[in-house]
Amino acid sequence: VRLNESFIKARRFASDASHELRTPLTILRGQAEQLIHDVPVGSGMQIRARTMSDEVERLIDITEKLLQLSRADASSLLQALRMARMLAVKRQRAT
């Protein structure tokens, strides 16, 4: 039971963390895009804003991949736990 609760907490943490990271990253993305359009084309400021925008996109991609990995791990572990429980029940019935 405690192991199952740990899986549930881990999955909830991953989901919460994802949402907590998505909001500020989305805001940063929007601000960078706005800055790119507000400054003169080809200016040093626009180049820096594009670099910042590229890095924000990279962080968004990393966040999404980590969330997917966390969900996959939690799902795999939960399936293994279910299988172990089924085997334990079968063993009890056999004895």
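Scroll up to find the structure.
First, a word on what this report is: a plain description of the structure on this page. None of the values given here were measured: they were computed from a predicted structure.

Cut-offs applied
Residues numbered from 1 in each chain as written. Predicted model: local features only at pLDDT ≥ 70, side-chain atom pairs only at ≥ 80, totals over all residues. Heavy atoms only, no water. Helix = DSSP H or I, 4+ residues; strand = E, 2+ residues; numbered from the N terminus. Rg over C-alpha atoms; globule rule 2.2 N^0.38 Å. Buried < 20%, exposed > 50% of the residue type's maximum accessible area, 1.4 Å probe, protein only. Contact = heavy atoms within 4.5 Å. Areas by Shrake-Rupley, 256 points an atom, 1.4 Å probe, with all protein chains shown as cover. Lys, Arg positive; Asp, Glu negative; His and termini not counted. Charge placed at Lys NZ, Arg CZ, Asp CG, Glu CD. Salt bridge = Lys/Arg side-chain N within 4 Å of Asp/Glu carboxyl O.

### Here's the deal with the overall build of the protein chain
Here is step 1 of the chain: When you go through the protein chain residue by residue, the secondary structure sums to two helices and zero strands.
Here is step 2 of the chain: Here the C-alpha radius of gyration of the protein chain, 22 Å, is well above what a compact globule of 95 residues would show, namely 12 Å.
Here is step 3 of the chain: C-alpha extents for the protein chain along the principal axes are approximately 80 × 15 × 10 Å.
Here is step 4 of the chain: In the protein chain, buried positions account for 19% of the 95 residues.
Here is step 5 of the chain: Intrachain contacts of the protein chain at a sequence separation of at least 6 include 68% that bridge at least 24 residues.
Here is step 6 of the chain: Accessible surface, the protein chain: about 7400 Å² in total, of which carbon and sulfur atoms supply 60%.
Here is step 7 of the chain: On the protein chain, the mean spot of the 16 positive side-chain charges and the mean spot of the 11 negative ones are 15 Å from each other.

### Topic: the side chain of Ser53
Here is step 1 of the chain: Among the structural elements, Ser53 can be located in helix H2 (residues 44-94).
Here is step 2 of the chain: Sequence-distant contacts of Ser53, that is, excluding residues within four places in its chain, are made with Ala32 and Ile36.

### Here we look at the pattern of salt bridges
Here is step 1 of the chain: Throughout the structure, instances matching the rule amount to four salt bridges.
Here is step 2 of the chain: Residue Glu64 pairs with Arg22 through a salt bridge whose shortest N-O separation is 2.9 Å. Here Glu64 is found in helix H2, whereas its partner Arg22 is found in helix H1 (residues 2-38), with 42 residues between them in sequence.
Here is step 3 of the chain: With relative accessibility at 28%, the residue Arg22 sits in the partly exposed group.
Here is step 4 of the chain: When the shortest N-O distance is used, the salt bridge between Glu55 and Arg58 registers 3.0 Å. Within this pair, Glu55 and its partner Arg58 are both found in helix H2, separated by three residues, close to a single helical turn.

Geometric descriptors of this kind do not, in isolation, establish any biological role.
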